[in-house]
Amino acid sequence: NNGTGMPDLGSFQQQLMQNPQQMQQMMQSPMMQMLMDNPEFLQNILQSNPQMQQLMQQHPELSNVMRDPQLLRQGMEMARNPHMLQQMMRS
C-alpha cells in the first residue's frame with residue numbers, strides 16, 4: 001500500500017516480472033478475462049489511479065495507448081504470454 005489505498009504498482013509489477021507463472025495465472029483469471037472483454041472499464045480503473053495518472057502525464061505515448069481500446073487489448077494479450085512479454089521488455 002502506498003498511502004492512497006491502492007497497492008504500489010511498481011513493486012507489484014516487479015514481482016510479476018520476476019515470476020512469469022504468477023503473471024500468467026493472473027492474466028488467465030476470470031477478472032482479467034472480464035477486463036480484456038471490456039477495455040473501457042480497464043481504462044476507467046487505470047485513469048482513476050493517481051500513480052497511473054502521473055505515469056501517463058510523464059509518458060504521453062502511454063496515455064495514447066491507454067485511450068485506444070485496441071492497443072490496450074493487444075497489450076493485455078501480450079501480458080498473457082510471458083515469453084512475448086519478456087521479448088517486449090528487452091526491446
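In this text, all values refer to a predicted model and were calculated from it rather than measured experimentally.

Cut-off values and rules
- Residues numbered from 1 in each chain as written.
- Predicted model: local features only at pLDDT ≥ 70, side-chain atom pairs only at ≥ 80, totals over all residues.
- Heavy atoms only, no water.
- Patch = residues over 30% accessible without salt bridge, like charges linked within 9 Å, V, L, I, M, F, W, Y side chains within 5 Å.
- Areas by Shrake-Rupley, 256 points an atom, 1.4 Å probe, with all protein chains shown as cover.
- Salt bridge = Lys/Arg side-chain N within 4 Å of Asp/Glu carboxyl O.
- Helix = DSSP H or I, 4+ residues; strand = E, 2+ residues; numbered from the N terminus.
- Core = buried A, V, L, I, M, F, W, Y, C linked by side-chain atoms within 4.5 Å.
- Buried < 20%, exposed > 50% of the residue type's maximum accessible area, 1.4 Å probe, protein only.
- Contact = heavy atoms within 4.5 Å.
- Axes fitted to C-alpha atoms, helices over the stretch in contact; angles between N-to-C directions.
- Parallel < 35°, antiparallel > 145°, perpendicular 65-115°, else oblique.
- Left-handed = near helix turned anticlockwise from the far one by under 90°.
- Nonpolar A, V, L, I, M, F, W, Y, C, P; charged D, E, K, R; others polar.
- Arc of directions from axis to C-beta.
- pLDDT = per-residue confidence, 0-100.

Residues M31, M34, F41 and I45 make up a contiguous nonpolar surface patch of roughly 360 Å² in combined accessible area. Looking at the nonpolar patch, the elements with two or more residues in it are helix 3 (30-37) and helix 4 (39-48). Residue placement: M34 occurs in helix 3.

Now for the nonpolar core. Formed by 13 residues in total, the largest nonpolar core has its most connected members in M27, L42, L46, M66 and M76. Elements with a contribution of two residues or more to this core: helix 2 (20-27), helix 3, helix 4, helix 5 (50-58) and helix 7 (69-80). The contacts of M66, once residues within four sequence positions are left out, are Q43, L46, M52, M56 and L72.

Another aspect to go through is the environment of N38. Take N38: it is sitting in the loop between helix 3 and helix 4. Given the relative accessible area of 30%, N38 is considered partly exposed. As a C-alpha pair, N38 and P69 span 31 residues in sequence and 8.7 Å in three-dimensional space.

Okay, the packing of helix 3 against helix 7 next. The N-to-C vectors of helix 3 and helix 7 enclose an angle of 150°; their axes lie 9 Å apart at closest approach. Overall, the two elements helix 3 and helix 7 adopt an arrangement that is roughly antiparallel. Two packed elements cross with a definite hand, and for helix 3 against helix 7 that hand is left-handed. Counted together, M32, Q33, L35, M36 and D37 of helix 3 and R73, M76, E77 and R80 of helix 7 form the full contact between these two elements. Taken together, the residues that form the contact of helix 3 with helix 7 break down as four nonpolar, one polar and four charged.

Along helix 4, the residues that are buried comprise P39, L42, Q43 and L46. Relative to the axis of helix 4, the buried residues are bounded by an arc of 105° and lie together on one face. Here the buried face of helix 4 lies against helix 3, helix 5, helix 6 (60-67) and helix 7.

Let us now look at the confidence of the model for the chain. Looking at the chain as a whole, its pLDDT mean stands at 75, while 76% of the residues score no less than 70. At the low end of the mean pLDDT range in the chain sits helix 8 (residues 82-90), at 66; at the high end sits helix 5, at 86.

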